[in-house]
Amino acid sequence: MTAKEAMELLEELIQEKKLIKIVLSDKEVDAEWDKVLIRPVKIKEQDFMQFEKFKNNKSYHFNMEAACLYEEISISVKQFKQAYIHSEGKDYHLTRKGDKYFSKESGNTCCQKILEHNKTKKYLLAEGKPIDFLVYLGVMSKEGKVYKHSYAKYRQINKYLEFIENTIEELQEKKWIQDHIRILDFGCGKSYLTFALYYYLREIKKISFTIIGLDLKEDVMKHCNKIAKELGYENLEFLTGNIKDFEKLQEVDLVFSLHACDNATDYSILKALEMKAKAILAVPCCQHEFFQKINKNKKSPLFHSMNVLGKHGILLERFSSLATDAYRSSFLELKGYRTQVMEFIDMEHTPKNILMKAIYEGKVKNEQKKYEEYQEFLNFLGIDPLLK
């Protein structure tokens, strides 16, 4: 069976609604994921395919409609040597060698049962048990039930904690932290996520920690300190001030900055580097700097070769946002970090859903090549960025 024939089989099973699940395993050397599970789901009476991707004993989910479905499946299949296809009436076990698949087939008496996507999801902060800060902040009732109007916030908090959990485990594996972790939250605002992190570290992770939240709004920081005091949250402090002027700690383990506007993300990265941070998490917002600087240099290679994009303001603005975060990722790699750029939360909650994760490795692999790519990218954009 050729790769094309394997994809035709999958398309046929999906279109005829006979597919129950696909399990991809035995990954290639350069595969990003350890295993992938694909199965049909129904969301609000609409058919989707759910991709569950596994890495380091963690799973990550996303759902896809038909538009790009087969392209995504094709990309995923190429990263694995084994494919188990469970369908209505027949199972297929495909083993890939080169461009060909060797297939073993067996019959079954299974019927397809579309998974309803409204089943209860297991969250790190589980519903059903009252969680003090969520009750205090009006997200959850005293009985442990999440209020309907607060579910988006509840899901966001838990998604954020999944990234935190994975990051802390990586730091422990690398021996960057032992029994204590020092954390800074730059631009913490009302601090829902800061309080969530405190609760997670104390009640679930059970490790020693120090957390400092920093924001420019003095009244908000006073209110956060009041909440911390009333909840009895020790080793948690909220300060008023500018990221550039922060000197409370000389070194830190984890710095995160969520929805910091424009250059505030860059200043948090620079401060994190100054304080020898072992990990950086950032969800950037309002990336205006590149857009403004690109617009001022109409003679740049970008306008010369991509004027079809440059002449449309809204397209150039969106491109500039992506270019900003691509540049930040490249910059951090040159500073010895391994970076990942991933989806933070669903687009229905906010358009600013890109999370940048950087873990300190110490050595820069292929440094000369990365520096040349980095410099070539800047030359193409025709700008001199703040972060350098």
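Just so it is clear, the model here is predicted, and its values are computed rather than measured.

## Quick look at the side chain of Lys357
Positionally, Lys357 belongs in strand β15 (residues 354-360). Looking at Lys357, its side chain comes within polar contact range of the side chain of Glu170, at 2.6 Å. Setting aside residues no more than four positions away along its own chain, Lys357 makes contact with Asn166, Thr167, Glu170, Ile280, Leu281, Arg338, Thr339, Gln340 and Met342.

## Points about helix α7 (residues 264-274)
Inspection of α7 places Thr265, Asp266, Ser268, Ile269, Lys271 and Ala272 among the buried residues, and these make up the whole buried set. Elements that come into contact with the buried residues of α7 comprise β9 (180-186), β12 (254-261), β13 (279-285), α8 (289-296) and α11 (313-334). One or two residues past the end of α7 sits Lys276, with phi positive at roughly 55°.

## Overview of the nonpolar core
Of all hydrophobic cores here, the largest spans 49 residues; its most connected members are Phe133, Ile181, Phe195 and Leu201. When residues no more than four places from it in sequence are discounted, the contact partners of Phe195 are Phe133, Leu137, Lys190, Cys224, Ile227, Ala228, Tyr233, Leu236 and Phe238. Core analysis: the next-biggest nonpolar cluster, separate from the first, contains 33 residues, Ala272, Ile280, Phe319 and Ala323 among them.

## Brief notes about the sheet that holds β13
With mixed pairing, 7 strands are arranged side by side in an open sheet as β11-β10-β9-β12-β13-β15-β14. In this open sheet, the two edge strands, each paired with only one partner strand, are β11 (236-240) and β14 (337-343). Across this sheet, the average inter-strand angle for adjacent strands is 15°, counted without regard to direction. Relative to β15, β13 is paired through 4 bridges, and the arrangement is antiparallel. The residue bridging Ala279 from the neighbouring strand is Ile359, located in β15. Helix α4 (residues 151-173) contacts β9, β12, β13, β14 and β15 of the sheet and is inclined by roughly 15° relative to β15. Each of β10 (208-215) and β11 is contacted by helix α6 (residues 218-231), which is oriented at about 165° to β11, the strand it contacts most.

## Let's talk about the pattern of salt bridges
Counted by the stated rule, this structure contains 24 salt bridges. Measuring nitrogen to oxygen at the nearest pair gives 2.8 Å for the salt bridge that ties Glu28 to Arg96. Residue Glu28 is located in the loop between β1 (19-27) and β2 (35-43), and its partner Arg96 is located in strand β6 (residues 90-97); the two are separated by 68 residues in the primary sequence. Taking the relative accessible area as the measure of exposure, Arg96 reaches 16% and is therefore buried. Arg182 is paired through a salt bridge with Asp253; the nearest N and O atoms lie 3.2 Å apart.

## Remarks on the UniProt feature "domain: Methyltransferase" (unreviewed entry) in the protein
When the UniProt feature table is mapped onto this chain numbering, "domain: Methyltransferase" (unreviewed entry) sits at residues 153-290. The span residues 153-290 is 45% helix and 25% strand, and its two end C-alpha atoms sit 30 Å from each other.

## Let's talk about helix α1 (residues 3-15)
For α1, which comprises 13 residues, the first-to-last C-alpha distance of 18 Å matches the rise-based estimate of 18 Å (1.5 Å per residue) to within 8%. Turning to α1, its buried residues are Ala6, Met7, Leu9, Leu10, Leu13 and Ile14. Buried residues of α1, viewed axially, fall in a sector of 155°; they line one side. Looking at α1, the residues exposed on the side facing more than 90 degrees away from the buried face are Lys4 and Gln15.

## Topic: the environment of Pro385
Within the secondary structure layout, Pro385 lies in the segment after α12 (367-381). Taking the relative accessible area as the measure of exposure, Pro385 reaches 3% and is therefore buried. The spatial distance from the C-alpha of Pro385 to the C-alpha of Cys224 is 34 Å, given a sequence separation of 161 residues. Beyond its immediate chain neighbours, meaning those up to four positions away, Pro385 contacts Glu289, Phe290, Lys293, Tyr327 and Leu378.

## A short note on the packing of α8 against α11
One can describe the packing of α8 onto α11 by two numbers: an axis separation of 8 Å at closest approach and a directional angle of 120°. Crossing handedness for the pair α8 and α11: right-handed. Facing Phe290, Phe291, Ile294 and Asn295 of α8, the residues of α11 in contact are Gly313, Leu316, Glu317, Ser320, Ala323, Thr324 and Tyr327.

## Looking at the side chain of Ser329
The residue Ser329 is located in helix α11 in this model. Look at Ser329 and you get buried, because its relative accessible area is 11%. Ser329 has contacts with Thr339, Val341 and Met356, leaving out every residue within four places of it along the chain.

What counts and how
Residues numbered from 1 in each chain as written. Predicted model: local features only at pLDDT ≥ 70, side-chain atom pairs only at ≥ 80, totals over all residues. Heavy atoms only, no water. Helix = DSSP H or I, 4+ residues; strand = E, 2+ residues; numbered from the N terminus. Polar contact = N/O pair within 3.5 Å; in protein donor to acceptor, adjacent residues only side chain to side chain. Contact = heavy atoms within 4.5 Å. Buried < 20%, exposed > 50% of the residue type's maximum accessible area, 1.4 Å probe, protein only. Core = buried A, V, L, I, M, F, W, Y, C linked by side-chain atoms within 4.5 Å. Pairing = 2+ DSSP bridges. Axes fitted to C-alpha atoms, helices over the stretch in contact; angles between N-to-C directions. Salt bridge = Lys/Arg side-chain N within 4 Å of Asp/Glu carboxyl O. UniProt positions renumbered as here; feature names shortened; annotations may be inferred. Expected span 1.5 Å × (residues − 1). Arc of directions from axis to C-beta. Left-handed = near helix turned anticlockwise from the far one by under 90°.

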